[in-house]
Amino acid sequence: ARIAREEMKQRLKVYFIMGSVNCKKSPFEVLTEAIDGGITLFQFREKGSGALVGEQKYEFAKQLQAICQKRGIPFIVNDDVELALAIDADGVHIGQDDEDARVVREKIGDKILGVSAHNLAEAQAAAAAGADYIGVGPIYPTKSKADAKQAQGPGMIRLLRDNGID
């Protein structure tokens, strides 16, 4: 069965996103410290210059996933549906330039599906396609993502809530 709405809301409270290129020390240490600090959901996002690929990415994902499983933290894979299925991740997060959310929902079944949205129409489409949560942003300026859109501030969250998406 798909994750219940209330459980998903609880899991989204402290959502940590990381890959090897984001760490100045061991990613395994960073993830363990984040879990000790109270994260409730983890997204494996292995992108950017120097990111692992192929078998190295797969093995790295499995090691991070094992840390999450040991501590009861759901493990979400960013933008790689095949990897998410291969390692039996708890879910996948996709962006607007990735595979269509309806197709991904069919592929992953009851696993968690997160979709990035940058406006009301994209958020409504994600919800209609079966997204369990919608990622909006960036809310504040960021340098962690080379192709980040312009910061929108909290107004986008208000707009979505005012239109029945929360």
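In what follows, the structure referred to is the one given above.
Residues numbered from 1 in each chain as written. Predicted model: local features only at pLDDT ≥ 70, side-chain atom pairs only at ≥ 80, totals over all residues. Heavy atoms only, no water.

Draft legend 1. Spotlight on helix α6 (residues 120-128). A distance of 3.2 Å separates the backbone nitrogen of Ala121 from a side-chain oxygen at the start of α6, and that oxygen is part of Asn119. Positive backbone phi, at 100 degrees, marks Gly130, one or two positions downstream of α6. (Polar contact = N/O pair within 3.5 Å; in protein donor to acceptor, adjacent residues only side chain to side chain. Helix = DSSP H or I, 4+ residues; strand = E, 2+ residues; numbered from the N terminus.)

Draft legend 2. The arrangement of the pairing of strand β1 (residues 15-18) in detail. Here four bridges tie β1 to strand β2 (residues 41-44), and the two strands are oriented parallel to one another. Directly across from Met18, in β2, lies its bridge partner Phe44. Where the polypeptide runs from β1 across helix α2 (residues 27-36) and back to β2, its parallel neighbour, the crossover connection is right-handed. (Pairing = 2+ DSSP bridges. Right-handed = clockwise from strand over helix to strand, strands pointing away.)

Draft legend 3. Representation of the pattern of salt bridges in the model. Tallied over the entire structure, the rule returns eleven salt bridges. For Glu33, the salt bridge is made with Lys25, and the minimal N-O distance between the two is 2.9 Å. Classification of Glu33 by relative accessible area gives partly exposed; the value is 41%. Among the ionic pairs, Lys57 bridges to Asp80, the shortest N-O distance being 3.0 Å. Of this pair, Lys57 sits in helix α3 (residues 54-71) while Asp80 is found in the loop between β3 (75-78) and α4 (81-86), placing the two residues 23 residues apart along the sequence. Of the two residues, Lys57 and Asp80, both sit in the buried class. (Salt bridge = Lys/Arg side-chain N within 4 Å of Asp/Glu carboxyl O. Buried < 20%, exposed > 50% of the residue type's maximum accessible area, 1.4 Å probe, protein only.)

These figures capture arrangement, not role.
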